[in-house]
Structures are given as C-alpha cells and as structure tokens.
Amino acid sequence: MLNKIDDVIKPENQNRVGLAFVSTVLGLLLTLQFRATLVVRQESLPIQRIEELSARLIETERERDSLRADLHKATEQQEQNNRTVNVTDLEMTAGLVGLTGPGLVITIDDSRRTAKAGENTNLYVIHDEDILRVVNELRAAGAEAIAVNGQRLTATSEIRCAGPTLSVNNVRSAAPFEIVAIGEAVTLENALKMRGGVVDTLKVWGIQMAISHQSAVEIPPFNGPSPFRHAKPLKRMAGSKPDGSGRPAGGNAE
C-alpha cells in the first residue's frame, strides 16, 4: 500500500505542489502589500494636498502684502504730488513766482494830438481808469497773469493816478505804459478790439495803443511787502462752509 502511495507522489508532483504553495503564499503577500500601500497612499494624499494649499496660501499672502505696500506707497506719492500741485497753483495765483507763457505785449502812450481851445488837456493823456479798463478786459478774456510796467498785478494791487504818474503796487511810473499778459493771444486781442470797446474809446482821443503777439512773455513775481496786517485766516469747524456772513453755514444770529 505504501509503495503505491509513493508511486503516486513522485518527485515531479512534489515540486508542483511546492510551487503552488509558494505561489499562493506570494500572492497573499503581494495582495496584503498592495492593500497596505493603497491605504498609505489614501492617507497621505490629503496631507499632500493640505501642504500644497498651505504653500499657495502663504505665497498669496506674500503677494497681497506686496501689493498693499505698493498701493500705500503710490497713494502717498499721489497725495504728495497733489500737495505740490496745490502749492504751486496757489503761489502762481498769489503772484509769488515768476511766470512765462504765450500772450500779448500792449504799449499805451499819451495822445500826440494838440488840444483845441477850450478842451480839457486831460482827455489826451492816460489815466488810471484807462489802464483799469484794459486790465479788466484782459482778465475777462482769460488772462492768467498781468503786469503793468513790470509790476505784477495781484488781488491787492492798486492802479491809481498819482499826479502826472501812475501808481501800481505803490510804485510810480509814467507813460508809455507796457502791459504784459499771459493767455491765448488772439482771444485777448479780440476782447480789446471789440466794437465800442476799450481800443475804440481810446482812439477817439488819439491815445496810442500797440498790440504785439508773443510766443513767450515773462512776468515777474510780486516783490512788494505782504498787504495783510489785519486779516487772519478764518478758523471754522470741520464740515462747515462760509455763507458770506462771517458765520458757519446754517448758523443763527443770536
């Protein structure tokens, strides 16, 4: 009986059984390893995503901070530029700086006519009101700066007769008078030469007026003393607006 069993289980069959057993064991091991690897990957994938998102968030915050710093710097620069522009405009308006630009040079001289018997000789000479009319027409036509015989006109400048001379900024000068104006030359000249205007009026008495267009004229700054001895800046509450009565807007008289 034993001999028969030994005949059945031959060496070749024993090898086959061994290989089958080993293959089964290896298969089980590979399956277990695959499952373990899959579990590790599934568990590590969210961690990797969190790390990537964290890195992106940090980079985004850096970009935000950089942009915020650039915006703050640009805002400060713009505010500084606005302050500089405002100060420059105020200095130009107040006549504190010399100016240059296109405009007119107007020369006005007394009449060369001889007064007739019984006529008032003052009709043939230039008066303060003649210069004032010319200046007013120029300003109404958009002149940005005006000087009379080298004297810059400001909000407090006076033009008045002082005997046979004319006083501007308390500086006296005699004819001929040179008026320099910065602005659009054609517009300024048309304002002076309109029908029935200042040029026509002065021609009646022979007052001489020469108008010259210039591509660039120069007007000096006001060099007189400050006219403000009594006036002081008005202090008012934030948000209030002057209404011309000396009281904040909406104020009631007591």
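Please refer to the structure higher up on the page.
Below: a short report on this structure. (Residues numbered from 1 in each chain as written. Predicted model: local features only at pLDDT ≥ 70, side-chain atom pairs only at ≥ 80, totals over all residues. Heavy atoms only, no water.)

## Focus: the overall build of the protein
The cut-off we apply is this: Helix and strand labels come from DSSP, where a helix needs a run of H or I of at least four residues and a strand needs a run of E of at least two; each type is numbered from the N terminus. Contact definition: two residues touch when any of their heavy atoms are within 4.5 Å. Here the Shrake-Rupley method, with its probe set to 1.4 Å, supplies the accessible areas, and only the displayed protein chains count as covering residues.
Per the secondary structure count, the protein includes 5 helices and 8 strands. Going from the N terminus to the C terminus, the protein shows its helices and strands as α-α-β-α-β-β-β-β-β-β-α-α-β. For the protein, long-range pairs separated by at least 24 residues make up 73% of all intrachain contacts whose partners lie at least 6 apart in sequence. Total accessible area on the protein is roughly 19,000 Å²; 56% of this is exposed by carbon and sulfur atoms.

## So, helix α3 (residues 128-140)
Where we set the bar: Each residue after the first adds 1.5 Å to the expected span of a helix. For every residue, the accessible area obtained with a 1.4 Å probe (protein chains only) is divided by the maximum for its type, and the residue is called buried under 20%, exposed over 50%, and partly exposed between those limits. Here, the arc refers to the directions that run from the helix axis to the C-beta atoms.
Taking 1.5 Å of rise per residue, 13 residues should cover 18 Å, and α3 covers 18 Å from first to last C-alpha, within 8% of that figure. Burial in α3 covers these residues: D128, D130, I131, V134, V135 and L138. Projection of α3 onto a plane perpendicular to its axis shows the buried side chains occupying an angular sector of 165 degrees, all on one side. Facing away from the buried surface of α3 by more than 90 degrees, the exposed residues are E129 and A140.

## Side note on the environment of L123
Here L123 shows up in the loop between β1 (99-109) and α3. Taking the C-alpha atoms as reference points, L123 and V204, separated by 81 residues in sequence, lie 9.7 Å from one another.

## A short note on a nonpolar patch on the surface
Applied cut-off: Only residues whose relative accessible area exceeds 30% and that take part in no salt bridge are eligible for patches, with like-charged residues grouped when within 9 Å of each other and nonpolar side chains (Val, Leu, Ile, Met, Phe, Trp, Tyr) grouped when within 5 Å. Between Lys or Arg on one side and Asp or Glu on the other, a salt bridge is scored when a side-chain nitrogen of the former is within 4 Å of a carboxyl oxygen of the latter.
A surface patch of nonpolar side chains, amounting to about 250 Å² of accessible area, comprises L123, V204 and W205. Within the secondary structure, V204 is located in helix α5 (residues 198-204).

## Re the pairing of strand β4 (residues 159-162)
For the record, the criterion: Here, strands pair whenever DSSP counts at least two bridges between them.
Here β4 pairs with strand β5 (residues 165-168) via 4 bridges, running antiparallel. Bridge pairing in β5 links R160 to S167.

## Side note on the layout of surface pockets
Left-over empty space is what a probe sized like a water molecule reveals as it rolls over the atoms. Cut-off, in case you're wondering: Cavities and pockets were defined on a 1 Å grid built from protein atoms only: a cavity is a group of points that admits a 1.4 Å probe but offers it no way out, a pocket is an open group of points flanked by protein on both sides within 12 Å along at least five of seven lines, and a lining residue is one with an atom within 4 Å of any such point. Grid points are joined across faces, edges and corners, and a volume is the space filled by probe spheres set on the points. We call Asp, Glu, Lys and Arg charged. Ala, Val, Leu, Ile, Met, Phe, Trp, Tyr, Cys and Pro are nonpolar, and the rest, Gly among them, are polar.
Volume-wise, the largest pocket comes out at about 310 Å³. Put simply, the parts of the chain that give the lining of the largest pocket at least two residues each are α2 (11-94), β1 and β2 (145-148). For the lining of the largest pocket, the element with the most residues is α2, which contributes 3 residues. Partitioning the lining of the largest pocket into residue classes produces 7 nonpolar, 3 polar and 4 charged. Here the second largest pocket is characterised by a volume of approximately 210 Å³.

## Looking at the environment of I146
Among the secondary structure elements, I146 is positioned in strand β2. Among the residues examined, I146 registers a relative accessible area of 3% and is labelled buried. With 72 residues separating them along the chain, I146 and E218 place their C-alpha atoms 9.8 Å apart. Each residue touching I146, except ones within four places of it in the same chain, is listed here: V135, L138, R139, Q151, R152, L153, I179, V180, A181 and I219.

## A look at the side chain of S173
Filter applied, for reference: Any pair of nitrogen or oxygen atoms within 3.5 Å is treated as a polar contact; in protein, a donor-acceptor pairing is required on top of that, and neighbouring residues in sequence qualify only through side-chain atoms on both sides.
Among the secondary structure elements, S173 is positioned in strand β6 (residues 171-173). On the basis of relative accessible area, S173 is assigned to the buried category, the value being 18%. A distance of 2.9 Å separates polar atoms of two side chains, one belonging to S173 and the other to N149. Those residues within four positions of S173 in sequence are excluded, and the remaining contacts are N149, T165 and L166.

## Considerations on the nonpolar core
Here is the rule: Among the buried residues, those of types Ala, Val, Leu, Ile, Met, Phe, Trp, Tyr and Cys that are joined through side-chain atoms within 4.5 Å form a nonpolar core.
Grouped together as the largest cluster of nonpolar side chains are 25 residues, with contacts concentrated most on I106, I108, I131, V134, L138, I146 and I179. Going through the elements one at a time, β1, α3, β2, β5, β7 (177-182), α4 (185-192) and α5 are the ones with two or more residues in this core. The leading source of residues in this core is α3, at 4 residues. Once residues within four sequence positions are removed from consideration, I179 is found in contact with L104, V105, I106, I108, I131, V134, L138, I146, A147 and V148. Core analysis: the second largest hydrophobic core is formed by 8 residues, L99, V105, A145 and I219 among them.

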